[in-house]
Amino acid sequence: METATALQTKTVAIIGNPNVGKSSIFNQLTGLNQKIGNYPGVTVDKTVGFLRIGEKEINLIDLPGTYSLYPKSEDEVIAHRVLNGLGQEKPDFALVILDACNLERSLLLGTQVMDLGIPMAFVVNMKDLALKKGIQIKTFDLYKMLGVPLVLTDARNNEGIDAIRQLMATEKFESPKPLLDSYAFADKALVEEVMVRFGFKNPYQAFQMLVFGEFDKTLPLADKQWLEEKSLAFGFDRKRQQVRETEARYVKIASILKKSVDRVKIESSNVTISLDNVFLNPVFGFVVFLGIMLLIFQAIFAWAAFPMDLIDVGFAGLSGWIYENLPPGVLTDLLAEGIVPGIGGVVIFIPQIAMLFGFLAILEDTGYLSRVVFLMDRLMRPFGLHGKSVVPLISGMACAIPGIMAARNISNSKERLITILVTPWMSCSARLPVYIILIGLTIPDTLWMGISFQALGLLAMYLLGVLFTLLGALALKFILKTKEKSYLLTELPIYRLPRWKTVLLTMFNKSKIFVLEAGKVILSISIVLWVLASYGPSGKMQAIEEEKTTVLQTTPEADWSTVEELYASKKLEASFIGIMGKAIEPAIRPLGYDWKIGIALLTSFAAREVFVGTIATIYSIGGDVENELTIREKLAKEVHSDTGEKVFDKATGFSLMVFYAFAMQCMSTLAVVYRETKSWKWPILQTVVMTGIAYLAAFITYQIFS
Amino acid sequence: MTAAQLSLQQSATIESIQESDISINFLELGILPGKEIKLLKKAPFGGPMAFLIEENIIALRQQEAIMINLKS
């Protein structure tokens with residue numbers, strides 16, 4: 001038996017440029033032993049992997065991919081904070097991944113880490129590709145000049161991974177001599193004052209603090225002001241000194257590489273450039289893109305339906321089982337009708353989230369995703385969106401949740417926020433059952449030039465969604481203010497085959513984040529909704545229950561289910577949510593809705609498709625609520641008790657569809673928006689504005705058609 | 001002349017990067033004075049441009065491309 005005290009735990013931070021194979025190495029080393037959490041105050045995910053080598057336990061911190069340690073996004077701020085041990089323990093070692101084909105560029109980041117004085121090692125990845133390109137690295141010379149141990153790897157083919165393990169086991173990390181003299185870029189007295197205030201041992205840490213201070217949201221205000229005052233007093237110009245530092249760094253790097261790398265000119269056909277002739281072609285490029293998007297849309301829409309049905313049936317079965325096997329009572333009801341369906345409502349989104357992120361991982365890993373940005377940027381810009389907004393918006397047609405999660409790739413905060421705010425207007429799959437029932441009720445099933453009117457109706461609803469998404473973005477473009485300039489400066493990486501392990505891990509991790517983070521909010525709201533729908537003012541509910549028992553005694557057993565349905569409807573009417581439905585009736589009357597529809601609007605807040613189930617209960621439609629035809633036939637016969645007119649006439653039906661197209665009725669989306677914006681301001685604003693517009697649009701629609 | 005004025009497949013040497021808020025972004029991607037730059041592709045309707053710089057393909061909008069001054 002080993003005891004915990006015999007284990008030695010070390011922390012290693014792993015950092016590198018984007019597309020350098022960092023995640024490949026991280027995944028090879030840790031496999032599924034990863035934990036995803038949050039850095040406080042930012043949206044960057046904190047990924048830590050665990051591995052054990054002999055007696056040693058290693059916590060591997062996967063820092064976001066970055067080209068340098070300059071404050072441009074939260075990713076860099078996090079790298080800076082972790083490497084300097086700000087707000088958390090400083091890692092024992094740093095492992096910097098370099099690209100063998102791009103040593104000059106990756107050493108920009110590599111030597112910055114060197115100057116921070118943390119014990120470190122370099123991993124030179126993609127050595128095979130470099131050899132093919134005629135780049136010969138004289139490892140020993142490079143090691144001598146940098147003073148840092150080097151490991152050569154080809155992570156895609158699992159080569160050199162053992163050497164990294166070995167390196168960590170023996171702790172062959174070294175604290176290198178700094179490449180640059182920090183005092184050349186900032187006054188010595190200033191640097192020393194910063195070192196004293198923050199307890200740094202190294203002048204480059206102080207230089208980084210001066211540079212990052214302004215951008216670090218988590219830094220105490222007093223520190224921020226102090227840094228600002230000091231910079232001013234010493235005439236320290238951050239931007240100017242950064243450029244000087246970079247230029248000086250590149251000069252040194254060039255002289256090192258001149259002595260340690262040989263280049264042989266190899267004439268080879270460039271596969272990437274030939275592929276780009278198709279993928280970036282002004283005509284074919286868009287055709288290919290459209291084809292790929294159709295495939296993804298089809299997958300999220302149709303293929304995910306199968307596992308989603310299974311989950312649906314499974315959780316319904318579980319609720320049934322609980323009823324049969326647990327003693328009746330409030331706790332059983334809560335479990336079977338509140339908690340289990342609540343969890344089911346979270347789990348049901350996993351197939352769509354996993355699939356979308358699987359496809360995105362493939363597109364990103366192959367290098368295609370950056371091409372989409374290239375193609376679509378010009379079309380998105382007039383609406384205040386970025387080329388990178390395309391993927392979130394399109395996935396919003398299946399489900400807004402993975403779409404909003406995918407918006408994280410947009411670096412400009414205004415463009416990202418606009419994308420997050422308008423994505424829920426794309427017509428998601430939860431609206432479909434609502435549309436299908438209402439279209440069936442209000443649009444005649446006749447053909448026009450061989451096209452069904454009902455299909456045209458559905459298409460119109462989808463187009464309405466797209467139109468308002470773009471208009472909404474356009475409006476936000478003028479409303480939201482930002483000092484940040486929008487720019488596009490991105491690498492189009494070479495085309496590669498996807499790494500399936502990375503794809504699967506992405507699918508797994510994204511689903512996990514959703515379940516753990518958004519799941520909490522969704523579950524609690526489901527329970528609240530259940531309580532509101534199952535309880536009412538004391539006495540009233542009891543009376544209905546007693547009345548039901550008496551009626552049941554006098555009815556033949558064959559009719560019991562009809563009685564049960566009737567009283568389920570009566571109970572819902574008497575419940576708190578029923579009372580709320582009646583209370584809002586005056587407000588929704590102008591839209592053509594009665595209090596019964598009002599109840600459905602309220603319960604739809606859990607998720608739009610709940611409309612169907614609630615309507616079925618409130619109109620006491622028994623049997624299989626999944627059978628849309630039964631519901632439709634029943635609803636078609638419903639008339640207003642006072643006027644005798646049909647409840648679901650054209651005006652009410654259209655008005656309802658418009659309301660569902662625009663209103664924010666999905667708490668899962670709100671939970672994700674909160675997670676991605678780190679503030680309740682945006683989800684609340686989204687609910688108020690979207691629902692307000694829905695109200696207005698439904699009102700206009702009802703007035704036109706009635 | 002700036003990189004925005006290159007025609008397709010035309011190469012030139014970078015002379016300087018215009019000073020701006022994002023000059024550091026050019027430098028860190030390896031867009032440095034003295035390097036060869038070649039225009040590979042242009043997205044339609046005045047969209048982004050794709051440049052080849054030392055085997056790396058970098059996409060920029062025109063507003064960024066005009067910040068790269070070329071040697072004539």
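Treat the numbers as computed from the prediction; the structure is a model and nothing was measured.

Novice: Help me understand the overall build of chain A in this model?
Specialist: Of the regular secondary structure elements, chain A holds 32 helices and twelve strands. C-alpha extents for chain A along the principal axes are approximately 95 × 65 × 55 Å. On chain A, the mean spot of the 69 positive side-chain charges and the mean spot of the 68 negative ones are 9 Å from each other.

Novice: Before we go on, may I ask you to explain the interface of chain A and chain B in this structure?
Specialist: How big an interface is tends to be expressed through the accessible area that disappears when the partners come together. With 39 residues of chain A at the interface, the matching set in chain B holds 36 residues. Both sides of the chain A and chain B interface together cover about 3200 Å² of buried area, and 60% of this is carbon and sulfur. Counting every contact that joins chain A to chain B gives five salt bridges. Run the count over chain A and chain B and you get 18 residue pairs in polar contact (both at pLDDT 80 or more). The set of elements that each furnish at least two residues to the side of chain A that touches chain B consists of α3 (103–115), α10 (238–260), α11 (271–279), α16 (368–380) and β12 (489–492) of chain A.

Novice: Can you help me understand the packing of helix α13 (residues 305–325) of chain A against helix α14 (residues 330–347) of chain A in this one?
Specialist: What describes two packed helices is the angle between their axes and the distance between those same axes. All names here are of chain A. Put simply, α13 and α14 touch, their axes get as near as 9 Å, and they point 165° apart. In terms of orientation, α13 lies roughly antiparallel with respect to α14. Crossing angle aside, the handedness with which α13 passes α14 is right-handed. Contacts between α13 and α14 involve I311, F315, L318, S319, I322 and Y323 on the former and, on the latter, T332, D333, L335, A336, E337, V340, P341, I343, G344 and V347. Looking at the contact of α13 with α14 residue by residue, the classes come out as eleven nonpolar, three polar and two charged.

Novice: Where do I start with the environment of I525(A) in this structure?
Specialist: All names here are of chain A. Among the structural elements, I525 can be located in helix α22 (residues 500–534). Judged by relative accessible area, which is 25%, I525 ranks as partly exposed. Sequence separation between I525 and F605 is 80 residues, and the spatial gap between their C-alpha atoms is 9.2 Å. Apart from the residues lying within four places of it in its own chain, the contact partners of I525 are F605 and M667.

Novice: Can you help me understand unusual backbone geometry in this one?
Specialist: For residues that are not glycine, phi is negative in most cases, and the peptide bond is trans in most cases. Positive phi, close to 60°, is recorded for N19(A), a residue that is not glycine. Within the secondary structure layout, N19(A) lies in the loop between β1 (8–16) and α1 (22–30). Overall, N19(A) belongs to the partly exposed group, its relative accessible area being 43%. Of note in the backbone geometry, E54(B) takes a positive phi value of approximately 50° without being a glycine. Within the fold, E54(B) resides in the loop between β3 (49–53) and β4 (56–60).

Novice: Explain the confidence of the model for chain B here, please?
Specialist: Keep in mind that low pLDDT regions are not for reading the predicted coordinates in detail. Residues and elements named next belong to chain B. On average, chain B scores 92 in pLDDT, and the residues at 70 or more come to 100%. Of all secondary-structure elements in chain B, the lowest mean pLDDT belongs to helix α1 (residues 23–28), at 89, while strand β5 (residues 68–70) reaches the highest, 95. Taken together, the chains of this predicted complex give a pTM of 0.80 and an interface ipTM of 0.95.

Novice: Explain the pairing of strand β2 (residues 34–38) of chain A here, please?
Specialist: Regular strands show a simple pattern: their side chains alternate between the two faces of the sheet. Residues and elements named next belong to chain A. In this sheet, strand β3 (residues 45–53) lies alongside β2 in antiparallel orientation, the contact comprising five bridges. Considered in β3, the bridge of G37 is made with K46. Joining the antiparallel neighbours β2 and β3 is a turn of six residues, in which G41 adopts a positive phi near 80°.

Novice: It is not clear to me how the pattern of salt bridges should be interpreted in this structure. Could you clarify?
Specialist: When charged atoms on two side chains of opposite charge get close, those side chains can pair. A complete count under the given rule lists 33 salt bridges over all chains for this structure. The salt bridge partner of K22(A) is D62(A), with a shortest N-O separation of 2.7 Å. With K22(A) in helix α1 and D62(A) in strand β4 (residues 56–62), the pair connects residues that are 40 residues apart, well separated along the chain. Its relative accessible area of 9% is what places K22(A) among the buried residues. For D62(A), a relative accessible area of 14% puts it in the buried group. The residue E54(B) makes a salt bridge to K35(B) at a minimum N-O spacing of 3.2 Å.

Novice: Is there a simple way to think about the state of the cysteines in this case?
Specialist: Two cysteines form a disulfide when their sulfur atoms are joined by a covalent bond. All names here are of chain A. Per the counting criterion, the structure on display carries zero disulfides over all chains. Left unpaired, C399 is separated from the closest cysteine sulfur, that of C428, by 6.4 Å. C399 sits in the buried class, given a relative accessible area of 5%. With no disulfide of its own, C666 lies 6.5 Å from the sulfur of C428, the closest cysteine sulfur. Residue C666 is classed as buried on the basis of its relative accessible area, which comes to 7%.

Novice: When you look at the sheet that holds strand β2 (residues 36–42) of chain B in this model, what are you seeing that I'm missing?
Specialist: With antiparallel pairing, six strands are arranged side by side in an open sheet as β12(A)-β4(B)-β3(B)-β2(B)-β1(B)-β5(B). Of all strands in the sheet, those with a lone pairing partner are β12 of chain A together with β5 of chain B, marking the two edges. Direction aside, neighbouring strands of the sheet carry axes that sit 45° apart on average. Alignment of strand β1 (residues 11–17) of chain B against β5(B), held across three bridges, turns out to be antiparallel. Bridge pairing links S16(B) to N69(B) in β5(B). The strands touched by α16(A) are β12 of chain A together with β2, β3 and β4 of chain B; relative to β12(A), the strand with the most contacts, the crossing angle is about 135°.

Novice: What is the right way to look at the environment of I31(B) in this model?
Specialist: One can find I31(B) in the loop between α1 and β2. Taking the C-alpha atoms as reference, I31(B) lies 9.9 Å from N56(B); in sequence the two are 25 residues apart. Setting aside residues no more than four positions away along its own chain, I31(B) makes contact with L489(A), I14(B), I17(B), F26(B), I53(B), I58(B) and I68(B).

Novice: Explanation requested: the side chain of D223(A) in the structure shown.
Specialist: Note that D223(A) resides in helix α9 (residues 221–233). Look past the residues within four positions of D223(A) in its chain and what remains in contact with it is R197(A) and F198(A).

Novice: What am I meant to see in the nonpolar core here?
Specialist: Generally speaking, a soluble globular protein has its nonpolar side chains buried in company with each other. All names here are of chain A. F514, Y593, F648, L656 and F659 are the most contacted members of the largest nonpolar core, which has 111 residues in total. Look past the residues within four positions of F514 in its chain and what remains in contact with it is V346, F349, I353, I401, M405, G519, I522 and V672. In this structure, V96, L107, M114 and L150 belong to the second largest nonpolar core, which totals 61 residues.

Novice: What is the right way to look at the sheet that holds β4(A) in this model?
Specialist: Note on sheets: strands pair through backbone hydrogen bonds, and any given pair is parallel or antiparallel. Residues and elements named next belong to chain A. On the basis of which strands lie adjacent, the open sheet formed by seven strands has the order β2-β3-β4-β1-β5-β6-β8 and mixed pairing. Looking along the sheet, the strands with just one partner apiece sit at the ends: β2 and β8 (150–152). Sheet twist, expressed as the mean angle between neighbouring strand axes with direction ignored, is 25°. Here five bridges tie β1 to strand β5 (residues 93–99), and the two strands are oriented parallel to one another. Counterpart to G16 in the pairing with β5 is I97. Packed onto the sheet, helix α6 (residues 161–170) meets β1, β3, β4, β5, β6 (120–125) and β8 and runs at close to 80° relative to β3.

Reading the values: the criteria
- Residues numbered from 1 in each chain as written.
- Chains lettered and ligands numbered in written order.
- Predicted model: local features only at pLDDT ≥ 70, side-chain atom pairs only at ≥ 80, totals over all residues.
- Heavy atoms only, no water.
- Helix = DSSP H or I, 4+ residues; strand = E, 2+ residues; numbered from the N terminus.
- Lys, Arg positive; Asp, Glu negative; His and termini not counted.
- Charge placed at Lys NZ, Arg CZ, Asp CG, Glu CD.
- Contact = heavy atoms within 4.5 Å.
- Buried area = accessible area lost by both parts, 1.4 Å probe.
- Salt bridge = Lys/Arg side-chain N within 4 Å of Asp/Glu carboxyl O.
- Polar contact = N/O pair within 3.5 Å; in protein donor to acceptor, adjacent residues only side chain to side chain.
- Axes fitted to C-alpha atoms, helices over the stretch in contact; angles between N-to-C directions.
- Parallel < 35°, antiparallel > 145°, perpendicular 65-115°, else oblique.
- Left-handed = near helix turned anticlockwise from the far one by under 90°.
- Nonpolar A, V, L, I, M, F, W, Y, C, P; charged D, E, K, R; others polar.
- Buried < 20%, exposed > 50% of the residue type's maximum accessible area, 1.4 Å probe, protein only.
- pLDDT = per-residue confidence, 0-100.
- Pairing = 2+ DSSP bridges.
- Disulfide = S-S within 2.5 Å.
- Core = buried A, V, L, I, M, F, W, Y, C linked by side-chain atoms within 4.5 Å.

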